[in-house]
Amino acid sequence: MNEPESPPPAGPTPTLRTHYLALLAPLILTHALQSASGLLDGFWLGHLLGVRGIATAASFFPVFFLLLSLIIGLGAGATILAGQAWGARNAAQVRRVGATAFVAALGVGLAVAMIGVWCTPWLMQTLGTPTDILPTAIRYARAMLLVMPCVFVTWAGLSLSRGTGDALSPMWSLLAAAIVGAVSTPLLVAGTSLGVAGVAVSVLVAQITALTVLIRRWRRNCHPLAIGAGWQDYKPSAVIAKRMVRIGLPATMQMLAMALAEIVLLGLVNRHGSTATAAYGAATQILSWVQFPAMSLGIAAAIFSAHAIGAGRRERLPAIVNMGLRLNAVVTALFVVAAHVLAPFVLRVFLEPGPALDLSVAIVRTIAWSVLLLGWSNVLVGAMRARGVALVPALLSLTAIIGIELPVAAVLEARFGLAGVFWACPAAFLAMLVLHGLYYCHKEKKDGLSRQHGIALGATGDRAPSA
């Protein structure tokens, strides 16, 4: 049974731009906290255990990326379905989506832990882990896999919270987790006999901290997902689970394709020697930060679109997309300009002055501007995903990655050498934008949204979906 709507607040209705920025800022900060936590773990491993510690963690990275794709797919489905229920003001449905997401996350996490721990020796050998670090790598991988159930459940909670428009709770939760991790990682790695496995224990403590803070904030804000609120509605649903998979699986496929492309590009770069590899590795650290607003705008567009659909206000969708595209042209552009200007200075954290540093700066400046294209594409994909259109956009992304990025990288490397490899990313992002843009226009015309009156930004007064 739906809970009654609260009376509207007094004063002017917040604009859509205001809602976007209010959600965008904590989303970007959340991505920054997640990235900073990973960098900090790597720093402590290298500082306390030396090259062997970093090599051990690096050997697990392909497995981690696979698990990350599963988490992101599950989170995408939970975010969209929670957003639709929230837009419909259906608190009971929000709780059913929450129960389904938590059960699914725990189930997948337990399966990953049990199967992964059993297969770890074979997996590490298959990945070509050097024999001198193989025993340590197996121990590290097993420890990390054992904490996956908690990681999956926490990620599901963060995704559900974002779906209801609450991005502040995930931000504060991950800030608490980052602080706990910053303290516990060096203590466990250097102060106990755990060694590299201490990182996994630190991750577990940090994830429990994040989940605890998230639940406490839900209770304090009387959130529908708070423990004790409508407990009788916390029932997993097979129907919701199927919809979650239908939305999340394409996102997982896209992540896996991106992982494949990264592996191929790294292989091409490695052919040019260790200097090129070091330069590329440092550049990817900077580029990952440039992508934060582009990723966050895609999530925000999906959330606001899901709210509008849940509220039965599909005529708001074009305005939501238009605002996302406009904000990308400003917010992401600021990050791109900062990367161009600051790259020579920031990259000195990773590289000494010399050929590797110069090459890394060139890589950043070649790729960074194209993140604008990725941001526009993410906004379109997020809006379509909220409408239940997830498979075709994912297939179009796969087409751009496999059919454009990889062949272009190979052809340009053969023609221009190492410099040609890095133009493959802009080519892929441009192809994604064109393909997604054409398909979005087709769906908009087919659904009749382009013929709705009063949806242009100037006509609507730029109001929020819930206005």
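Residues numbered from 1 in each chain as written. Predicted model: local features only at pLDDT ≥ 70, side-chain atom pairs only at ≥ 80, totals over all residues. Heavy atoms only, no water.

A.B. asks: Give a detailed account of the overall build of the protein, specifying residues and quantitative values.
C.D. replies: From N to C terminus, the protein includes 17 helices and 0 strands. The buried share among the 467 residues of the protein stands at 52%. A separation of at least 24 residues holds for 83% of the contacts in the protein among residues at least 6 apart in sequence. When the accessible area of the protein is evaluated, it comes to approximately 20,700 Å², of which 70% is carbon and sulfur surface. (Helix = DSSP H or I, 4+ residues; strand = E, 2+ residues; numbered from the N terminus. Buried < 20%, exposed > 50% of the residue type's maximum accessible area, 1.4 Å probe, protein only. Contact = heavy atoms within 4.5 Å. Areas by Shrake-Rupley, 256 points an atom, 1.4 Å probe, with all protein chains shown as cover.)

A.B. asks: Now, about the packing of helix 3 (residues 91-126) against helix 8 (residues 238-270): what can you tell me, with residues and values included?
C.D. replies: Look at helix 3 against helix 8: their axes get within 9 Å of each other, and the N-to-C directions meet at 70 degrees. In terms of orientation, helix 3 and helix 8 fall into the roughly perpendicular class. Between helix 3 and helix 8 lies a crossing of right-handed hand. Residues Gln93, Arg96, Val97, Thr100 and Ala101 of helix 3 form the contact with helix 8, whose own contacting residues are Ile240, Ala241 and Met244. The residue makeup of the contact of helix 3 with helix 8, split by class, is 5 nonpolar, 2 polar and 1 charged. (Axes fitted to C-alpha atoms, helices over the stretch in contact; angles between N-to-C directions. Parallel < 35°, antiparallel > 145°, perpendicular 65-115°, else oblique. Left-handed = near helix turned anticlockwise from the far one by under 90°. Nonpolar A, V, L, I, M, F, W, Y, C, P; charged D, E, K, R; others polar.)

A.B. asks: I'd like a description of the confidence of the model for the protein, backed by residues and values.
C.D. replies: Should pLDDT be low for a region, the predicted coordinates there are not to be read in detail. Across the protein, pLDDT averages 83, with 87% of residues at or above 70. Averaged pLDDT values over the elements of the protein bottom out at 31 in helix 17 (residues 457-460) and peak at 94 in helix 13 (residues 371-386). Confidence over residues 1-12 falls short of pLDDT 50; this stretch has 8 contacts with residues more than four positions distant or in other chains. Here residues 450-467 scores under 50 on pLDDT; set against residues more than four positions off or in separate chains, the count is 41 contacts. (pLDDT = per-residue confidence, 0-100.)

A.B. asks: Go over unusual backbone geometry, please, and point to the residues and values.
C.D. replies: With a phi angle near 55 degrees, arginine 89 is a residue other than glycine that sits in the positive phi range. A positive phi angle, close to 55 degrees, is found at cysteine 222, a residue other than glycine. Following the sequence through the fold, cysteine 222 ends up in the loop between helix 7 (197-220) and helix 8. Classification of cysteine 222 as exposed rests on a relative accessible area of 68%.

A.B. asks: Got a sec to walk through the pattern of salt bridges? Specific residues and values, please.
C.D. replies: Close approach of charged atoms allows side chains of opposite charge to pair. Scanning the model with the defined rule gives 1 salt bridge in all. For arginine 313, the salt bridge is made with glutamate 315, and the minimal N-O distance between the two is 2.6 Å. Accessibility expressed as a relative area gives 26% for glutamate 315, which makes it partly exposed. (Salt bridge = Lys/Arg side-chain N within 4 Å of Asp/Glu carboxyl O.)

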